[in-house]
Amino acid sequence: MINCKSVIDLASIPDSKPDIGKPSEGFYVDTNIWYDITYEANPDSDSDYPLFISKLKRNLGAKLLRSKLSFSELANIIDRNMCENYNDNHLGVLSRKQFRKIIRQREQVIQEIDNSLKQVESLTDDVESEKFEEVLNYISETQFIDTLGNTFLDPTDVLMVNIVKANGVQNIITKDRDYLSVPDIFVITLDERAIEEAKDENKFLTFPEFLNI
């Protein structure tokens with residue numbers, strides 16, 4: 001069952017900016033999308049998300065929002081991916097802690113993380129992003145447990161979605177279907193399964209329909 005307000009097909013972004021103000025609300029970009037956009041060695045590098053995120057900014061003038069929690073998540077994913085690649089190429093079974101002690105590999109990991117985070121910052125370096133407050137103290141223990149218990153989000157995403165809501169943002173770009181369980185948000189995605197589920201439950205919108213709500 002889908003609990004979010006609606007699921008919007010990111011691929012249906014119009015080719016020209018409509019005469020409405022919704023894009024100014026800001027679009028929070030989830031970590032998995034930043035990974036697709038910024039990490040060149042991503043095994044899913046054929047993803048269409050970079051194309052449509054670029055179109056979202058270019059055609060609609062949309063403001064993309066980031067969380068520094070994504071910095072940690074993105075760094076962790078890159079570190080894990082590079083360790084797995086190293087083990088595959090060297091027939092190794094190194095743990096990630098062991099892998100981090102190989103100086104040359106560690107330098108490469110840090111460089112990849114740095115490159116990705118600089119790209120994230122360059123795509124979100126507008127005034128709106130600077131106003132996006134990430135004060136974890138805003139999230140009470142009760143709030144955290146309630147969200148964890150009433151959605152399918154992992155603990156880090158629980159923190160993220162509460163920060164997003166505390167900033168009055170409803171629009172989340174993600175390919176994580178767990179966000180479908182979160183009330184009071186719009187999930188913007190290319191995920192075909194999420195889109196089909198939304199159609200079945202009458203919660204699907206094209207991007208033009210979404211902009212006219």
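Refer to the structure presented above.
About the thresholds
- Residues numbered from 1 in each chain as written.
- Predicted model: local features only at pLDDT ≥ 70, side-chain atom pairs only at ≥ 80, totals over all residues.
- Heavy atoms only, no water.
- Axes fitted to C-alpha atoms, helices over the stretch in contact; angles between N-to-C directions.
- Helix = DSSP H or I, 4+ residues; strand = E, 2+ residues; numbered from the N terminus.
- Parallel < 35°, antiparallel > 145°, perpendicular 65-115°, else oblique.
- Left-handed = near helix turned anticlockwise from the far one by under 90°.
- Contact = heavy atoms within 4.5 Å.
- Nonpolar A, V, L, I, M, F, W, Y, C, P; charged D, E, K, R; others polar.
- Buried < 20%, exposed > 50% of the residue type's maximum accessible area, 1.4 Å probe, protein only.
- Phe/Tyr/Trp six-rings, centres within 6.5 Å; stacked < 30°, edge-to-face > 60°.
- Lys, Arg positive; Asp, Glu negative; His and termini not counted.
- Salt bridge = Lys/Arg side-chain N within 4 Å of Asp/Glu carboxyl O.
- Polar contact = N/O pair within 3.5 Å; in protein donor to acceptor, adjacent residues only side chain to side chain.
- Core = buried A, V, L, I, M, F, W, Y, C linked by side-chain atoms within 4.5 Å.
- Pairing = 2+ DSSP bridges.

Colleague: So what exactly am I meant to see when it comes to the packing of helix 3 (residues 68-90) against helix 8 (residues 155-166) here?
Modeller: A packed helix pair is summarised by two numbers, namely the angle formed by the two axes and the spacing between the axes. Their axes nearest at 10 Å, the elements helix 3 and helix 8 cross at an angle of 155°. Classified by the interaxial angle, the pair formed by helix 3 and helix 8 is roughly antiparallel. Along this stretch, helix 3 crosses helix 8, giving a crossing that reads as left-handed. Residues L69, S70 and E73 of helix 3 touch helix 8, and the partners they reach there are T156, D157, L159, M160 and I163. Its residues assigned to classes, the contact of helix 3 with helix 8 shows 4 nonpolar, 2 polar and 2 charged.

Colleague: What am I meant to see in the environment of I172 here?
Modeller: Position of I172 among the secondary structure elements: in strand 4 (residues 171-173). According to the relative accessible area criterion, I172 is buried, its value standing at 0%. Note: C-alpha distance between I172 and E73 (99 residues apart in sequence) is 17 Å. Ignoring any residue separated from it by four or fewer positions in sequence, one finds I172 in contact with Y28, V161, V164, Y179, I185, F186, V187 and I188.

Colleague: Got a minute to help me understand the packing of aromatic side chains in this structure?
Modeller: Where two aromatic rings form a pair, the distance of their centres and the angle of their planes describe that pair. Scanning the model with the defined rule gives 6 aromatic pairs in all. Centre to centre, the rings of Y86 and F99 are 5.5 Å apart; their planes meet at 50°, and the pair counts as tilted. Taken as a pair, Y86 in helix 3 and F99 in helix 4 (residues 96-99) lie far apart in primary sequence, 13 residues in all. Residue Y86 shares its accessibility class with F99, and that shared class is buried. An aromatic cluster is built from F27, F186, F207 and F210, whose rings are joined through pairwise contacts.

Colleague: What exactly am I supposed to notice about the side chain of D176 here?
Modeller: Within the secondary structure, D176 sits in the loop between strand 4 and strand 5 (186-189). Lacking a salt bridge, the buried D176 has R177 as its closest oppositely charged neighbour, with an N-O distance of 7.2 Å. A polar contact is formed between the side chain of D176 and the backbone nitrogen of D178, at a distance of 2.9 Å. D176 has contacts with D30, N32 and D157, leaving out every residue within four places of it along the chain.

Colleague: Honestly, the nonpolar core in this entry has me stumped. Any pointers?
Modeller: Note on soluble globular proteins: their nonpolar side chains tend to be buried together. Among the nonpolar cores identified, the biggest contains 38 residues, and L10, F27, L56, I173, F207 and F210 are the most heavily contacted of them. Elements supplying a minimum of two residues to this core: strand 2 (27-29), helix 1 (31-38), helix 2 (49-60), helix 3, helix 5 (103-123), strand 5 and helix 10 (207-211). Take this core: its biggest share by element is 8 residues, from helix 3. If near-sequence neighbours (up to four positions away) are discounted, F27 is found in contact with L56, A62, K63, L64, L65, N171, I173, I188, F207 and F210.

Colleague: For this particular structure, what's the right way to read the environment of L94?
Modeller: For L94, the location among the structural elements is in the loop between helix 3 and helix 4. In this structure L94 comes out as partly exposed when scored by relative accessible area, which is 28%. For L94, the contacting residues outside a window of four places in its chain are C83, Y86, N87, F99 and I102.

Colleague: Teacher, can you tell me more about the pattern of salt bridges here?
Modeller: As a working rule, side chains carrying opposite charge can pair if their charged atoms are close by. Evaluation of the coordinates by the stated rule reveals 9 salt bridges. For D191, the salt bridge goes to R177, with nearest N and O atoms at 3.0 Å. Here the residue D191 occupies a position in the loop between strand 5 and helix 9 (192-200), and R177 occupies one in the loop between strand 4 and strand 5, the gap between them amounting to 14 residues. With its nearest N and O atoms 3.3 Å apart, the salt bridge here joins R193 to E197. Here R193 pairs with E197, and both are found in helix 9, just 4 residues apart, close to one helical turn. On the basis of relative accessibility, which here comes to 52%, the residue R193 falls in the exposed class. For E197, a relative accessible area of 28% translates into the label partly exposed.

Colleague: How should the sheet that holds strand 3 (residues 64-65) be read in this particular structure?
Modeller: Where strands meet in a sheet, backbone hydrogen bonds hold them as pairs that are either parallel or antiparallel. Spatially, 6 strands are ordered 3-2-4-5-1-6 in an open sheet, and the strand pairing comes out parallel. Every other strand in the sheet has two partners, leaving strand 3 and strand 6 (204-205) as the edge strands with one partner each. Of the strand pairs in this sheet, strand 4 and strand 5 are connected by 3 bridges, and their pairing is parallel. Along strand 5, the bridge assignment pairs N171 with F186.

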